[in-house]
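Examination of the molecular architecture
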Amino acid sequence: MEQYAIKGGTPLRGEVEISGAKNAALGILAGAIMTDDIVTIENLPNVKDVNVLLCALEDIGAVVDRIDTHTVKIDGSSINRLSVDYEYIKKMRASYYLMGALLGKYNEAEVALPGGCAIGSRPIDLHIKGLRALGADVDQGYGLWSAKATRLVGNHIYLDKVSVGATINIMLASVLALGKTTIENAAREPHVVDVANFLNSMGANIRGAGTDIIRVMGVEKLHGTTYSVIPDQIEAGTYMCAAAATKGDVLLRNVIPKHLEAISAKLIEAGCIVEEFDDCVRVIAEDQKLKSTQVITQPYPGFPTDMQPEVAAVLGLAEGISIVNESIFENRFKYVDELNRMGANIKVEGNVAIITGVTSYNGARVSAPDLRAGAALIIAGLQADGYTFIDDIQYIQRGYEDLEGKLNSLGATFAHVTTDAEAQKFTLKNNKVS
Ligand code: UD1
């Protein structure tokens, strides 16, 4: 049994250092094997998804040298398998970035097919369309997708839907292709830009990342580099929401405020004060009354779908009726039943959540249905009256580094417990304190 145990009711106060961006790190680590030189990646978040991908790299023969908690050196010269096992894909979908990277470097790859997941069916048709346009023969069957080409050749690719994954996978495959690739209707997320900047630091020629047209001029070879991953937009947003829900005052360090603008805008509409500095953001919610607002998830620079559950946990405490519209994934309201068990008043109709604010949550034993839904339950637990115990924390561990250390440094009472006895001890100890 593993759980997060929270005694709620304390406003978060103080400073917190935001880790490197998980989703950028995943694209970057896949790209790192595309040269036979050594690549050093810094500011890697120490989270499960990253560690799974590092194991997948080792499994195909790359040498991964963990210099410290946040730095690795990768040597892709010793790769001896062009096949990525289901073991990795089932733990972490984005292992499929190895398709773009291996195909780009070796003109051949085979990767287990990712299935649907907790938040939706998540097809990969756009990835396949893109790789086919570059001249690869792509086959699907027996739980695998495989791709082969004599030589990839640049092409014009229009993505019918804005997709982070397809944009990154096609970018990876095209950097060593012959000639020019244009990706139209590309995703503009900060992590797409970070992967492009990383590949350019290896000698790639990618222009336009961050706009909806990315142009890649293929180069003969990539070389080694040292690169530092950008800060995590979603981890930062999660702490911003936790500050708001608990009516606290938190300074987030090591962030890029521009990446947080949509989140800041919604928290300001909800009645918080958000101050921006060069690489810090401060959220002040003490003495503020939370007000209802409307949120619709959109590709960047719109409001991120990965922040939808967390902001809903804040709006669950805002006076009036808030509307949250999820436009990206079809199954992203699984936290609602759990939040309602904690006293929230949320109804879901189709892809819209109608949230009637309550004055406080109450602690309960709940289960995390997926990564960001789990983060929403933590936020609720931090605000709630009494104790919250969250099961299924393996989802949350995929994407948040050192929650215990970071939250407790902000004054929370939060623990990772592994037995019933530890959970009981947590309650007893904290009953005594109060
Ligand atoms: C990435 C993020 C995830 C985030 C999501 C949206 C990583 C590792 N994960 O996921 O945290 O929630 O972006 O910001 O970076 N689609 C298709 N066909 C495809 C690919 C996608 O129809 O071939 C659809 C999806 O079902 C979804 C939409 O496009 O409705 C966006 O998905 P996409 O941006 O690809 O998400 P991921 O890259 O999987």
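Residues numbered from 1 in each chain as written. Predicted model: local features only at pLDDT ≥ 70, side-chain atom pairs only at ≥ 80, totals over all residues. Heavy atoms only, no water.

Notes on the site of the ligand
The ligand sits among 21 residues. The nearest are Asp 125, Ser 163, Val 164, Asp 306 and Ile 328. A distance of 3.3 Å separates an oxygen atom of the ligand from a polar atom in the backbone of Pro 123. Contact with the protein chains removes 89% of the 740 Å² of surface that the ligand exposes when unbound. Elements supplying a minimum of two residues to the shell around the ligand: helix H1 (22-31), helix H5 (125-133) and helix H6 (164-174). Among the elements that make up the shell around the ligand, the one with the highest residue count is H5 (three residues). Considered class by class, the residues forming the shell around the ligand number 10 nonpolar, six polar and five charged. (Near = heavy atom within 4 Å. Polar contact = N/O pair within 3.5 Å; in protein donor to acceptor, adjacent residues only side chain to side chain. Areas by Shrake-Rupley, 256 points an atom, 1.4 Å probe, with all protein chains shown as cover. Helix = DSSP H or I, 4+ residues; strand = E, 2+ residues; numbered from the N terminus. Nonpolar A, V, L, I, M, F, W, Y, C, P; charged D, E, K, R; others polar.)

Considerations on the packing of helix H10 (residues 308-315) against helix H12 (residues 371-383)
Look at H10 against H12: their axes get within 7 Å of each other, and the N-to-C directions meet at 25°. Here H10 is positioned roughly parallel relative to H12, judged by the angle of their axes. Remark: the crossing between H10 and H12 carries right-handed chirality. In this structure, H10 uses Pro 309, Glu 310 and Ala 313 to contact H12, whose residues at the interface are Arg 372, Ala 373, Ala 375, Ala 376 and Ile 379. A class-by-class count of the residues in the contact of H10 with H12 yields six nonpolar, no polar and two charged. (Axes fitted to C-alpha atoms, helices over the stretch in contact; angles between N-to-C directions. Parallel < 35°, antiparallel > 145°, perpendicular 65-115°, else oblique. Left-handed = near helix turned anticlockwise from the far one by under 90°. Contact = heavy atoms within 4.5 Å.)

Some details on the sheet that holds strand S23 (residues 387-391)
As summarised here, the arrangement of the four strands in space is S22-S23-S1-S24, forming an open sheet in which the pairing is mixed. For this open sheet the edge positions go to strand S22 (365-367) and strand S24 (413-417), each flanked by a neighbour on one side alone. If you compare each strand with its neighbour and ignore which way they point, the axes differ by 20° on average. Sheet topology places S22 next to S23; three bridges connect them, and they run parallel. Pairing of Val 366 across the sheet is with Ile 390, part of S23. (Pairing = 2+ DSSP bridges.)

Quick word on the pattern of salt bridges
One pass over the structure, following the stated rule, counts 19 salt bridges. Note that Asp 36 and Lys 105 form a salt bridge whose closest N and O atoms lie 2.8 Å from each other. One end of the pair, Asp 36, is in the loop between H1 and strand S3 (38-42); the other, Lys 105, is in helix H4 (residues 97-106), and 69 residues separate them in sequence. Residue classification places Lys 105 among the buried positions, given a relative accessible area of 17%. We note a salt bridge from Arg 66 to Glu 58, for which the minimum N-O separation is 3.5 Å. Assessed through its relative accessible area of 35%, Glu 58 is described here as partly exposed. (Salt bridge = Lys/Arg side-chain N within 4 Å of Asp/Glu carboxyl O. Buried < 20%, exposed > 50% of the residue type's maximum accessible area, 1.4 Å probe, protein only.)

A closer look at H10
Along an α-helix, residues three or four apart share an orientation, since each turn contains 3.6 residues. Extensive coverage of H10 is indicated by the burial of eight of its eight residues. When H10 is considered as a whole, its buried residues turn out to be Gln 308, Pro 309, Glu 310, Val 311, Ala 312, Ala 313, Val 314 and Leu 315.

A closer look at empty space enclosed by the protein
Per the stated rule, a full pass over the model turns up three cavities of 30 Å³ or more. Approximately 90 Å³ is the volume found for the largest cavity. Ala 21, Lys 22, Asn 23, Pro 190, His 191, Ile 230, Pro 231, Asp 232, Gln 233, Ile 234, His 259 and Arg 372 together form the lining of the largest cavity. If you list the elements that add at least two residues to the lining of the largest cavity, you get H1, helix H7 (190-201) and helix H8 (233-245). Classifying every residue of the lining of the largest cavity gives five nonpolar, four polar and three charged. Lining of the second largest cavity is provided by Thr 238, Tyr 239, Ala 242, Ala 375, Ile 378, Ile 379, Leu 382, Tyr 400, Leu 403 and Leu 407. Sorting the residues of the lining of the second largest cavity by element identifies H8, H12 and helix H14 (403-409) as the ones contributing at least two each. Residue contributions to the lining of the second largest cavity peak at four residues, all from H12. A breakdown of the residues in the lining of the second largest cavity according to their chemical character gives nine nonpolar, one polar and no charged. (1 Å grid on protein atoms, 1.4 Å probe; cavity = no way out; pocket = protein on both sides within 12 Å on 5 of 7 lines; lining within 4 Å. Points joined across faces, edges and corners; volume = space filled by probe spheres on them.)

What to know about the packing of H1 against H7
Remark: H1 packs on H7, axes separated minimally by 8 Å, with the N-to-C direction vectors making an angle of 30°. By the criterion of interaxial angle, the relationship of H1 to H7 is roughly parallel. Where H1 crosses over H7, the handedness of that crossing is right-handed. Together, Asn 23, Ala 24, Gly 27, Ile 28 and Gly 31 of H1 and His 191, Asp 194, Val 195, Phe 198 and Leu 199 of H7 make up the contact between the two elements.

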